[in-house]
Structures are given as C-alpha cells and as structure tokens.
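Coordinate analysis (summary)
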Protein chains: 2
Amino acid sequence: MLEVQSAAQVLQLIAERLRPLGADERPLPLAQAVGRVSAAALFSAEDIPAFDRSTVDGYALRAADSYGCSEALPARFKLLGAVEMGADSAYAVGEGEAVYVPTGGVIPAGCDAAAMLEYAEEPGDGYVYIRKPVAPGNNLIYRGDDISAGAMLLPAHTRLHAHHIGLLAAAGITELDCLRLPRVAIISSGDELIPPGEQPAIGQIRDVNSHFLAAALRARGIEAKLCGIVRDDYQALLQASAQALAKADMLLISGGSSVGVKDNTARVIEALPGMRLLVHGVAVKPGKPTLLGVSDDNKIVFGLPGHPLSAYFIYLLFVEAALARLSGAPAVPPARRTARMAVNYPSNSGREEYVPVTLSDVDGQLTARPIFAKSGLIGLLSAADGYIRISREQEGAAKGQAVEVTLF
Amino acid sequence: MLEVQSAAQVLQLIAERLRPLGADERPLPLAQAVGRVSAAALFSAEDIPAFDRSTVDGYALRAADSYGCSEALPARFKLLGAVEMGADSAYAVGEGEAVYVPTGGVIPAGCDAAAMLEYAEEPGDGYVYIRKPVAPGNNLIYRGDDISAGAMLLPAHTRLHAHHIGLLAAAGITELDCLRLPRVAIISSGDELIPPGEQPAIGQIRDVNSHFLAAALRARGIEAKLCGIVRDDYQALLQASAQALAKADMLLISGGSSVGVKDNTARVIEALPGMRLLVHGVAVKPGKPTLLGVSDDNKIVFGLPGHPLSAYFIYLLFVEAALARLSGAPAVPPARRTARMAVNYPSNSGREEYVPVTLSDVDGQLTARPIFAKSGLIGLLSAADGYIRISREQEGAAKGQAVEVTLF
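About the thresholds
Residues numbered from 1 in each chain as written. Chains lettered and ligands numbered in written order. Predicted model: local features only at pLDDT ≥ 70, side-chain atom pairs only at ≥ 80, totals over all residues. Heavy atoms only, no water. Helix = DSSP H or I, 4+ residues; strand = E, 2+ residues; numbered from the N terminus. Rg over C-alpha atoms; globule rule 2.2 N^0.38 Å. Buried < 20%, exposed > 50% of the residue type's maximum accessible area, 1.4 Å probe, protein only. Contact = heavy atoms within 4.5 Å. Salt bridge = Lys/Arg side-chain N within 4 Å of Asp/Glu carboxyl O. Polar contact = N/O pair within 3.5 Å; in protein donor to acceptor, adjacent residues only side chain to side chain. Nonpolar A, V, L, I, M, F, W, Y, C, P; charged D, E, K, R; others polar. Least-squares fit on C-alpha atoms with pLDDT ≥ 70 in both. Core = buried A, V, L, I, M, F, W, Y, C linked by side-chain atoms within 4.5 Å. Pairing = 2+ DSSP bridges. Axes fitted to C-alpha atoms, helices over the stretch in contact; angles between N-to-C directions. Phe/Tyr/Trp six-rings, centres within 6.5 Å; stacked < 30°, edge-to-face > 60°. pLDDT = per-residue confidence, 0-100. Parallel < 35°, antiparallel > 145°, perpendicular 65-115°, else oblique. Left-handed = near helix turned anticlockwise from the far one by under 90°.

**Description of the overall build of chain A**
What chain A contains, in helices and strands, is six helices and 28 strands. For 408 residues, the compact-globule estimate of 2.2 N^0.38 gives 22 Å, and the C-alpha radius of gyration of chain A, at 31 Å, exceeds that figure by more than 25%. In terms of overall dimensions, chain A has C-alpha extents of about 95 × 55 × 40 Å along its principal axes. Within chain A, the fraction of its 408 residues that count as buried is 54%.

**Some remarks on unusual backbone geometry**
The omega torsion of the bond from Ile 48 of chain B to Pro 49 of chain B falls at -5 degrees, within 30 degrees of zero and hence cis. In this structure, Pro 49 of chain B sits in the loop between β2 (42-43) and β3 (53-54). Cis rather than trans, the peptide bond between Lys 285 of chain B and Pro 286 of chain B has omega equal to 0 degrees. The phi dihedral of Asn 139 of chain A is positive, around 60 degrees, even though this residue is not glycine.

**Description of the interface of chain B and chain A**
Each partner contributes to the interface: chain B provides 77 residues, whereas chain A provides 77 residues. There are two salt bridges connecting chain B and chain A. Between Arg 206 of chain A and Glu 46 of chain B there is a salt bridge, with its nearest N and O atoms 2.7 Å apart. Linking chain B to chain A there are eleven residue pairs in polar contact (both at pLDDT 80 or more). Taken together, the elements giving at least two residues each to the side of chain B that touches chain A come down to β10 (140-141), β11 (152-154), α2 (162-170), β15 (205-206), α3 (209-219) and β22 (336-341) of chain B. Take the side of chain B that touches chain A: its biggest share by element is eight residues, from α2 of chain B. Across the side of chain B that touches chain A, the residue classes break down as 40 nonpolar, 23 polar and 14 charged.

**Let's talk about the relation of the copies chain B and chain A**
A rotation about some axis, followed by a shift along it, carries one copy of the chain onto the other. Screw-axis analysis of chain B against chain A gives a translation of 0.0 Å along the axis, an RMSD of 0.1 Å, and a rotation angle of 180 degrees. Such values leave the two copies arranged in the relation of a two-fold axis. Closest approach to the rotation axis among the C-alpha atoms of chain B is made by Ala 335 of chain B, whose C-alpha sits 1.9 Å away. The residues that chain B uses at the interface reappear at the interface of chain A in 100% of cases, marking a shared surface.

**Details of the pattern of salt bridges**
This model, assessed by the stated rule, comprises 27 salt bridges over all chains. Between Glu 223 of chain A and Arg 218 of chain A there is a salt bridge; the shortest N-O distance is 3.0 Å. Judged by relative accessible area, which is 29%, Arg 218 of chain A ranks as partly exposed. Ionic pairing is found between Glu 352 of chain B and Arg 389 of chain B, a salt bridge with its closest N-O pair at 3.3 Å. Of this pair, Glu 352 of chain B sits in strand β24 (residues 352-362) while Arg 389 of chain B sits in strand β26 (residues 386-390), and the two are 37 residues apart along the sequence. Members of the salt-bridge network, linked through shared partners, are Glu 71, Glu 121 and Arg 131 of chain A.

**Structural notes on the nonpolar core**
Met 250, Leu 252, Phe 302 and Phe 318 of chain A are the most contacted members of the largest nonpolar core, which has 67 residues in total. Ranked by the residues each element gives to this core, the list is headed by helix α6 (residues 308-327) of chain A, at twelve residues. The contacts of Met 250 of chain A, once residues within four sequence positions are left out, are Arg 183, Val 184, Ala 185, Leu 245, Ile 300, Phe 302, Val 319, Ala 322, Leu 323 and Leu 326 of chain A. Counting 66 residues, the second largest nonpolar core, distinct from the first, contains Leu 18, Val 184, Tyr 354 and Leu 381 of chain B.

**Side note on helix α2 (residues 162-170) of chain A**
Among the nine residues that make up α2 of chain A, nine are buried, leaving the element largely enclosed by the rest of the structure. Taken together, the buried residues of α2 of chain A touch β2 (42-43), β11 (152-154) and β12 (175-176) of chain A together with β15, α3 and α6 (308-327) of chain B. Just downstream of α2 of chain A lies Gly 172 of chain A, where phi reads positive at about 80 degrees.

**Let's talk about the sheet that holds strand β21 (residues 300-304) of chain B**
Residues and elements named next belong to chain B. With mixed pairing, the six strands of this open sheet are ordered in space as β16-β13-β17-β21-β20-β18. Of all the strands in the sheet, the pair left with one neighbour each is β16 (225-230) and β18 (275-280). On average, adjacent strands in this sheet sit at an angle of 15 degrees to one another, irrespective of strand direction. Taken together, the five bridges between strand β13 (residues 184-189) and strand β17 (residues 250-254) define a ladder with parallel strand orientation. Along β17, the bridge assignment pairs Ile 187 with Ile 253.

**Notes on the sheet that holds strand β6 (residues 97-101) of chain B**
Hydrogen bonds between backbone atoms are what pair the strands of a sheet, whose relative direction is either parallel or antiparallel. Spatially, β7-β4-β6-β5-β9-β8 (chain B) is the arrangement adopted by the six strands of the open sheet, whose pairing is mixed. Both edges of this open sheet fall to β7 (113-116) and β8 (120-121) of chain B, since each of them pairs with a single strand only.

**Some thoughts on the environment of Tyr 234 of chain A**
All names here are of chain A. Note that Tyr 234 resides in helix α4 (residues 234-246). By relative accessible area, which is 19% here, Tyr 234 ends up buried. The spacing of Tyr 234 and Asp 263 is 29 residues in sequence and 9.0 Å in space, taken between C-alpha atoms. Those residues within four positions of Tyr 234 in sequence are excluded, and the remaining contacts are Asn 264, Arg 267, Val 268 and Ala 271.

**Quick look at the packing of aromatic side chains**
Inspection of the entire model under this criterion finds 16 aromatic pairs over all chains. Pairing Tyr 387 of chain B with Phe 408 of chain B gives two aromatic rings, centres 5.9 Å apart and planes at 40 degrees, and the pair type is tilted. Pair noted here: Tyr 387 of chain B is in strand β26 and Phe 408 of chain B is in the segment after β28 (402-407), with a separation of 21 residues, a long-range link. Here Tyr 387 of chain B falls in the buried class, since its relative accessible area comes to 10%. Through a chain of ring-to-ring contacts, three or more aromatic side chains come together here, namely Phe 212, Tyr 312, Phe 313, Tyr 354, Tyr 387 and Phe 408 of chain A.

**Considering the confidence of the model for chain A**
On average, residues of chain A carry a pLDDT of 94, and 97% of them reach 70 or more. Complex prediction metrics read pTM 0.94 and ipTM 0.93.

**Overview of α3 of chain B**
Residues and elements named next belong to chain B. A large share of α3 lies buried, amounting to eight of its eleven residues. Taken residue by residue, α3 has Asn 209, Ser 210, Phe 212, Leu 213, Ala 214, Ala 215, Ala 216 and Leu 217 as its buried positions. Looking at the residues trailing α3, positive phi occurs at Gly 221, about 85 degrees.

**Considerations on the pairing of strand β20 (residues 291-295) of chain B**
All names here are of chain B. Of all five residues making up β20, five are buried, and the element is well covered by its neighbours. Residue alternation in β20 divides its side chains into two sets, Leu 291, Gly 293 and Ser 295 and Leu 292 and Val 294, and both sets are buried. Pairing between β18 and β20: five bridges, direction antiparallel. Bridging from a neighbouring strand, Arg 276 pairs with Val 294 of β20. Both β20 and β21 contribute to a ladder of four bridges, which runs antiparallel. Opposite Val 294, over in β21, you have Ile 300 as the bridge partner. Hairpin remark: β20 followed by β21, antiparallel, with four residues in the connecting loop; positive phi at Asn 298, about 70 degrees.

**A look at the environment of Ala 109 of chain A**
Residues and elements named next belong to chain A. In this fold, Ala 109 is placed in the loop between β6 (97-101) and β7 (113-116). Sequence separation between Ala 109 and Leu 61 is 48 residues, and the spatial gap between their C-alpha atoms is 9.4 Å. Not counting residues up to four positions away in its chain, the partners in contact with Ala 109 are Tyr 91, Ala 92 and Val 93.

**Quick look at the environment of Ala 31 of chain B**
Residue and element names in this part refer to chain B. Among the secondary structure elements, Ala 31 is positioned in the loop between β1 (28-29) and β2. Residue classification places Ala 31 among the exposed positions, given a relative accessible area of 57%. For the pair Ala 31 and Ala 162, spaced 131 residues apart in sequence, the C-alpha separation works out to 10.0 Å.

**Observations regarding the packing of helix α1 (residues 7-17) of chain A against α6 of chain A**
All names here are of chain A. Packing of α1 against α6 brings their axes to within 9 Å, and their N-to-C directions diverge by 20 degrees. As far as their axial angle goes, α6 and α1 are roughly parallel. Considering how the two elements wind past one another, α1 and α6 form a crossing that is right-handed. Every residue of α6 that contacts α1 at Ala 7, Val 10, Leu 11, Ile 14 and Ala 15 is listed here: Leu 317, Phe 318, Ala 321, Ala 322 and Arg 325.

So, in structure tokens, the structure goes:
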C-alpha cells in the first residue's frame with residue numbers, strides 16, 4: 001500500500017516519469033501552430049532584412065558629408081531622386097549626394113546613414129539641405145542586423161506565441177513540425193451517474209466531471225475523447241479503461257467517492273497493461289483520494305475524486321502539469337493577483353489546502369473572500385474567481401493578510 | 001486634425017463607443033461553450049441535489065439517537081440494510097435504527113444525519129455501534145442545498161470557464177445561447193510586402209503583421225479573415241477595407257510606416273461608410289501612429305503601425321480591449337510576475353512606454369532584462385518573455401527596482 005504523498009512529490013513524479021510526446025506525422029501550417037510546441041530548433045535560411053534598410057522617412061547619404069552642419073549652416077546635398085518602397089535602388093550615391101528614402105526603403109549603394117525628414121529641407125532647387133549631422137549607421141538597419149542567415153530563430157520545444165508566429169513568417173517559414181498534442185480520454189465511474197441530458201431519478205445525479213474536464217482541456221486546445229459513464233464494476237471499468245487508453249496518452253477516471261469505487265479504480269490502474277500505480281492518496285485538501293499510474297510507454301492514468309470541486313483542483317494541480325510535460329513545454333501560466341483576506345480562514349488539516357475565493361474591491365483594495373463550500377457543493381464554485389493555496393506549514397490565512405489568488 | 005491621445009483615453013473611447021455583440025443564431029452545445037460568453041442569465045429548473053444525500057460512507061440515522069454515545073459507550077442501532085448508489089431508498093428509519101449509505105447515496109426517510117464509517121462498528125449481530133455522536137444535518141446535503149430550483153446559475157455575459165461548464169452540466173443544461181464571436185478581418189498595406197511563402201527581392205520584406213495578428217486572435221478562439229496585402233494606394237485600400245468590413249465587426253489595417261501610407265489609412269477610415277476617425281496618434285511608445293475609427297453600427301477599424309513590435313503592443317493594449325468589449329465580457333487576464341530590473345532603463349519619451357524584457361533567475365531572484373531593440377527588429381522579440389510598462393510620469397526603471405512583468 002502506497003503512502004499518501006505531498007503535492008510536491010507528485011509533481012516531481014510527473015516530471016521524472018513522463019516524457020514529451022513525439023512530433024506530429026505531418027508539419028503544421030504556420031497559421032495553425034499558435035499554442036503548439038515546436039518539435040525542433042528552427043533556423044533562418046536568410047539574412048533579415050535582406051538589404052540595408054531605412055528606419056525613417058528621410059535622405060540616404062554619406063554620414064561624413066553631414067559633419068559640422070547645423071540649423072544655421074545646413075549641409076547641401078545634390079538630390080539624385082527617390083527610392084520606391086518595395087523596389088531596389090538603382091542609385092550609387094557619391095560625395096555630397098543624397099536620395100530620398102521612405103521608412104523601410106532600400107539604402108542605396110554608397111550611403112551609410114539616413115537623415116530624418118524633420119531635419120531636412122527641399123526648396124526645389126535640386127538640392128536637399130540637412131540641418132543636423134548623422135553618424136554612420138544612424139537611422140538604418142544593416143542587412144542581417146535583425147536575423148542573420150543560419151541564426152537560430154527558436155529553440156526546440158518552444159510553445160508558440162503570436163510573436164513567434166510573426167518571427168517565423170518573417171523568415172519565410174510557412175509550416176513546421178510540432179509535437180503531437182496529448183490524446184486524452186475521460187471516463188466517469190459511478191452507479192449514480194447519468195448524462196447531463198437525462199432527468200435524474202431519486203438517487204441519481206448528472207455526470208459533471210467528464211464535462212468540465214473536457215471543457216478545461218478544450219480551453220488548452222485539446223479535444224478529449226469522452227468515453228462515457230461506466231458502472232461501478234471492476235471488470236467493466238477495466239475493460240473501458242484498457243480500451244480508452246489504447247488510443248490515448250492520458251486517461252482521466254473520475255471516480256465516484258465511495259470506498260468501493262475508489263478501490264476499483266486503484267485495482268484497475270494496477271491491472272492496465274504496463275501501468276504502475278505510483279500515487280495512492282495526495283496530502284492536499286480537497287482531493288486526497290487522487291490516484292496516479294504511469295506506464296513505461298509514457299502513458300498516464302489519473303484517478304480523480306468524484307466530487308467536482310476536488311476533481312477540479314486535482315486537474316489544475318496535477319493533470320495540467322502532466323499535460324505540460326507530455327506537450328513538451330510549460331503550460332501558459334495562469335494569472336495571479338495579490339489580495340487581502342476579508343476574513344480569517346483557519347486551516348489545520350495537515351494537508352496543503354486549496355480554497356476557492358471571490359474577489360471584490362473593498363475600499364480600493366482587492367479583497368479575497370473564501371467560499372466555505374460543503375464537500376460536493378458546486379453551486380458556490382461558479383461565483384469563485386480563483387483560489388488561494390495554504391501550505392502545510394501555515395495554519396490558515398488571517399484577516400487582512402496578503403494572499404496570492406490564482407485566477408480560474 | 002485630432003490630437004495625440006493617451007492610452008487611458010483610447011481605452012475609455014473603446015469602452016464607451018463599442019457595445020457587446022448580439023447572440024449567435026443558434027444555441028451552442030455545452031461542449032463547445034468554454035471560453036465563450038453567455039448571452040442571458042441561466043437558471044436552474046430543479047433542486048440540486050434532488051434528494052437528501054450523504055457526503056460520507058457511513059450510516060444514516062436519527063441524530064438524537066446518537067447523543068451521549070462515546071468510545072467507551074457506543075450507541076446501538078438496528079441495521080435495516082444498505083442504500084445502493086444511484087437507487088432510491090425504500091427504507092423508513094425509526095428510533096434506534098440505521099441504514100448503511102455510501103458517499104452520495106440517498107439519505108432514507110426518517111434520518112437527519114449520517115455517522116461516518118470510521119466511528120462505527122458492525123460486528124455482524126444485525127446491529128451497528130456508533131462511537132461518536134452526530135448533530136442533525138451532519139454529513140449530508142439536503143435537497144436543493146447546492147442549488148435550489150429557480151436559482152440563478154450564471155449571470156448574463158459570463159465568460160464560461162471549465163467550472164461553469166460543470167455547473168451547467170449539473171443542472172442539465174446541454175446547450176445555451178452565447179454571444180457571437182467578433183468577426184475580424186486583417187489587411188496588410190505596403191508596396192514592400194510579400195506573403196511569407198514568397199522569396200523577397202531586394203526592397204521587399206515578408207508580411208509579418210497579418211500572421212502574428214491572426215495567431216493572436218486564434219489563441220483567443222477567433223479565426224480571423226486574412227484579406228491579404230494591399231498596395232499603398234488610397235483607392236485600392238479603400239475598396240479592400242470596405243469589402244472586408246462589410247463582413248466583419250473589426251478591421252485591422254496594419255500599415256506600412258511611411259508618411260504616405262499612414263495618411264492613406266487615416267483617409268480610408270474616414271471614408272468608410274458611417275465610420276468616424278476617433279484616434280489619430282496615441283502617446284505610447286512604441287505605437288504612436290495608431291489610428292482608430294468606430295461606426296454607429298458598432299464596427300471598429302484599427303490602423304496599426306507597420307513595425308511588428310509596435311503593432312504587437314497596440315494589439316495587446318487596444319485591440320484586445322476592443323475584442324473584450326465586443327465579446328461582452330473581460331478577456332482572460334494575462335499572467336504577470338514581479339521581477340527586479342537587471343539594469344537601468346532610462347525613459348523620457350513623454351509617452352507611456354512598453355519595453356519587452358527577458359526573465360531569468362539571478363541568485364534566486366526573478367530578474368527582468370529589457371531588450372533594447374532597434375525600431376523594426378523582431379529577432380530579439382522572440383526571446384522576450386513579456387513586457388514592462390513605464391508610465392508617462394516615471395523616468396524609466398532603475399536597476400534593482402521591482403517591476404510588474406506582463407507575460408506574453
């Protein structure tokens with residue numbers, strides 16, 4: 001029999017025992033890659049920009065020719081013409097000559113700086129007069145200044161944000177290999193459960209866990225496979241679990257909460273091919289009866305508590321950590337806010353405790369009020385804005401104390 | 001000519017001038033509703049739970065019969081049988097009688113409490129012995145305790161998180177009306193731009209903005225319509241914009257950065273049917289040349305800077321605010337971290353300044369290091385973990401100073 005483990009121990013197990021998944025079979029079009037994780041490092045095949053480029057609207061010239069000029073004594077440059085946006089420059093600029101360049105335009109051969117329009121005058125005599133000297137390199141980007149050919153754009157296992165997509169577009173990368181998304185299967189177990197669309201008889205309740213778990217996964221870009229409700233029977237649960245896990249990397253069994261069901265799930269995890277039960281109980285509140293099994297071929301099974309509130313915290317704490325590990329990169333971190341406790345919240349459970357709170361503005365101060373929910377209530381949870389964590393060492397949170405609220 | 005406005009003024013305009021969109025034509029299946037915004041308040045048609053329910057594995061009984069019992073002197077109850085999970089109870093429990101109930105099982109008629117298994121013994125003589133008294137209501141949830149029939153489950157315009165989906169499933173709500181997602185069209189304008197899949201000639205660069213904007217929107221659940229690259233020509237831009245906006249709630253025109261292009265976009269916004277140019281320049285760095293137009297029929301056009309870095313900040317600051325307003329509920333807030341500045345970052349631009357930073361651990365302290373990117377560079381941005389904001393009143397951020405880093 002395994003001992004109850006701390007949350008930190010369970011997270012450590014997840015980090016150690018799971019490996020990132022392999023790459024998708026096919027490369028992904030760039031447009032679909034946001035939120036996904038790159039399979040390999042990506043390099044630029046070219047210099048970006050591919051040409052010396054002005055960063056201002058102004059005049060390309062030789063910086064040395066502007067030295068000493070001032071408001072009182074402008075430097076005079078023979079105006080050869082103008083660079084067109086998107087076109088190469090045909091000009092070769094010599095001493096005392098200049099060419100108009102728009103922002104982003106090609107800096108013509110012979111120039112090493114651009115003077116800003118604001119400090120120039122073009123009276124129409126074929127010359128432009130510059131009132132402020134520039135130094136070599138002023139107001140331009142040299143070829144390859146941004147990214148040089150061969151440079152690494154992104155390391156392997158980067159979770160792709162919008163700005164990464166922009167970078168890849170700039171380098172002409174229109175598709176890329178990404179790590180495969182975890183395939184997740186969900187089973188709800190319990191004789192009392194019916195699908196949400198059905199009307200419960202006395203003694204029955206609707207299956208909540210399958211649906212909020214699927215929703216949480218969907219919000220992470222994962223379409224989970226709902227494997228339905230399985231009666232509280234060892235053989236039935238084993239068969240359904242084996243079938244679900246054959247086509248999944250992760251199986252979430254959210255058990256009923258009776259002793260019998262909990263035992264069933266633990267036995268099923270032990271009986272699944274290659275699966276080892278590594279966690280049987282976690283010292284967190286709520287969520288103590290959590291189970292976790294990992295197989296040598298990188299599959300993971302969670303036995304989640306039946307209470308939706310407990311299952312939700314276990315999802316947030318451990319399932320997301322396992323998903324991140326499989327996906328190859330840390331998850332997008334949740335938002336947190338610092339708030340003051342509205343009331344005393346005593347805690348002496350000897351377990352790490354997670355407490356849902358509402359947030360409100362009290363006299364200009366963000367204030368957290370714990371929701372004292374009876375076990376199994378979910379109505380109040382809908383009003384919760386997030387949760388606070390009380391470590392095993394703390395004896396609660398005192399009124400007025402600053403707490404970190406992780407937002408849902 | 002409009003004056004340059006502050007970021008706060010622009011956000012105020014967005015809040016005042018835009019309205020939430022209407023509901024989708026059809027209700028959305030619950031499974032697809034996560035991240036969406038509810039169109040109307042939702043109420044429970046039933047009591048949840050629909051029956052008095054045990055929260056423990058134990059024995060349902062009359063609390064009064066347990067009074068005075070102790071370890072030394074257990075109270076004896078005649079055991080009538082066991083409640084089955086998912087089934088109604090046929091028992092009527094009288095004085096000195098008890099029935100076994102699993103967690104979540106029906107509390108039989110006549111009972112007002114459940115005693116926990118841990119404090120009970122069943123020696124097999126047809127009786128159960130209870131060693132700890134219980135009070136009425138202990139270890140059970142009464143019918144409707146969680147949610148009573150007619151109670152509001154969620155107010156209108158709730159952004160639906162996973163736990164909301166769970167709540168709706170519990171109440172038997174399998175589909176619901178949601179506010180329509182904003183339809184967003186994107187145009188990139190500039191003679192120098194080519195699609196990412198093409199090879200640039202000298203003078204040309206690839207269109208970055210369309211693609212990172214689409215990616216950012218996709219990460220928010222919005223599939224934007226890419227309307228391609230439009231040459232820097234007033235008539236062409238007007239025609240493309242009018243066409244794009246006819247089928248969209250929001251149009252993002254990311255302009256080239258030359259003076260000519262900027263003027264074109266402003267004139268186009270003014271010429272679009274019913275559209276009023278409300279913002280022509282924002283006192284933020286980067287991103288000053290931002291344009292914003294709103295029409296009476298609740299459409300919005302942004303003229304974004306051509307520089308990807310500038311366009312990205314304007315997206316984060318203003319486009320997301322406008323999307324949230326149209327979507328009917330605040331956006332999911334970004335994560336923030338407090339860090340120490342690794343170096344001095346002077347700023348005296350007279351504008352609110354947004355500075356990309358990398359985060360790293362220096363001697364156990366989360367440390368932010370500004371990325372000093374030349375205008376138009378995007379290579380370095382890929383390494384950025386987030387950004388800091390320097391208000392107009394601040395003169396930069398000093399080395400060692402605590403700063404709030406908003407994560408990308």
